[in-house]
Amino acid sequence: GLEVSSTKSSLEQTEAKQENKKEKEVKKKKKEAKKTEKKDADEVLKNFQENLDKTNAKLIKKEISEYLYIELNDDEIAKTKIKSVKLKNQKLRINLDISEVNIEMLDDEATAMLITAGVTEELLKHDEYDDNWKTVTVNVKDIGKITYSEDDIEINKAGGFRQFPIFEDFANGEVSFK
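Calculation rules
- Residues numbered from 1 in each chain as written.
- Predicted model: local features only at pLDDT ≥ 70, side-chain atom pairs only at ≥ 80, totals over all residues.
- Heavy atoms only, no water.
- Helix = DSSP H or I, 4+ residues; strand = E, 2+ residues; numbered from the N terminus.
- Rg over C-alpha atoms; globule rule 2.2 N^0.38 Å.
- Buried < 20%, exposed > 50% of the residue type's maximum accessible area, 1.4 Å probe, protein only.
- Contact = heavy atoms within 4.5 Å.
- Pairing = 2+ DSSP bridges.
- Axes fitted to C-alpha atoms, helices over the stretch in contact; angles between N-to-C directions.

Considering the overall build of the protein
- For the protein, the helix and strand inventory stands at three helices and six strands.
- In the protein, the order of α-helices and β-strands from amino to carboxyl end is α-β-β-α-β-β-β-β-α.
- Computed over C-alpha atoms, the radius of gyration of the protein comes to 30 Å, more than 25% over the 16 Å expected from 2.2 N^0.38 for 178 residues, which places it beyond the range of a compact globule.
- Considered along the principal axes of its C-alpha atoms, the protein spans approximately 110 × 30 × 30 Å.
- Counting all 178 residues of the protein, 31% fall into the buried class.
- Partitioning the intrachain contacts of the protein with sequence separation of at least 6 by distance along the chain shows that 54% fall at a separation of at least 24.

As for the sheet that holds strand β1 (residues 81-88)
- Strand order in the open sheet formed by four strands is β1-β2-β3-β4, with mixed pairing between adjacent strands. Single-partner strands in this sheet number two, and they are β1 and β4 (144-149). The average undirected angle you get between the axes of adjacent strands in this sheet is 15°.
- Pairing between β1 and strand β2 (residues 91-97): seven bridges, direction antiparallel. The residue bridging K81 from the neighbouring strand is D97, located in β2.
- Contacts from helix α2 (residues 108-125) reach β2, β3 (135-140) and β4 within the one sheet, and its direction differs from that of β3 by about 145°.

Quick notes on the environment of I146
- Along the polypeptide, I146 turns up in strand β4.
- Judged by relative accessible area, which is 3%, I146 ranks as buried.
- Setting aside anything within four residues of it in sequence, one finds I146 in contact with M113, V136, T137, V138, V175, S176 and F177.

Topic: the side chain of N156
- Positionally, N156 belongs in the loop between β5 (154-155) and β6 (162-163).
- A residue is classified by how much of its surface remains accessible, and N156, at 16% relative accessible area, is buried.

Here we look at unusual backbone geometry
- At N73, a residue that is not glycine, the phi angle is positive and equals roughly 55°.
- Within the fold, N73 resides in the loop between α1 (2-71) and β1.
- Its relative accessible area of 67% is what places N73 among the exposed residues.
- At Q90, a residue that is not glycine, the phi angle is positive and equals roughly 65°.

Coordinates in, geometry out; function isn't part of it.
Written out as structure tokens, the structure reads:
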């Protein structure tokens, strides 16, 4: 009887070990599945955000285009080319080419400043995009770029509209195209 019970207990131990091993494998597979699900969810979220950014960038470009080419009704400023509008990680980047724009009595940097102020004022008219960006960089080909953050927005005292203090900063030497 002793032999049978030790064999039985040895068999039970082996079964218990196998059961334990199976439980560990199941736990491991569940953990891997959760990681994969999280990874997939993160990927879906990332793709969604990228697509949302692209869509918003296109809409912002449309608003800026209408402003430059229609609303302003200025043949010289209308020579401004919008090379691209990109939005990623809440950074809005507007790339302009003003090489064909020639405004009397303004040098290239002053012209860039004037157009940048207009473009950013147009952007700030559309507060529906505010949640999408934290900084705006306007890059003017062959001249340089200027970056402002949402914290820099101020209300124009005369007109009551939102703006970045571009002209003040430029006059004070606090900002320039670099």
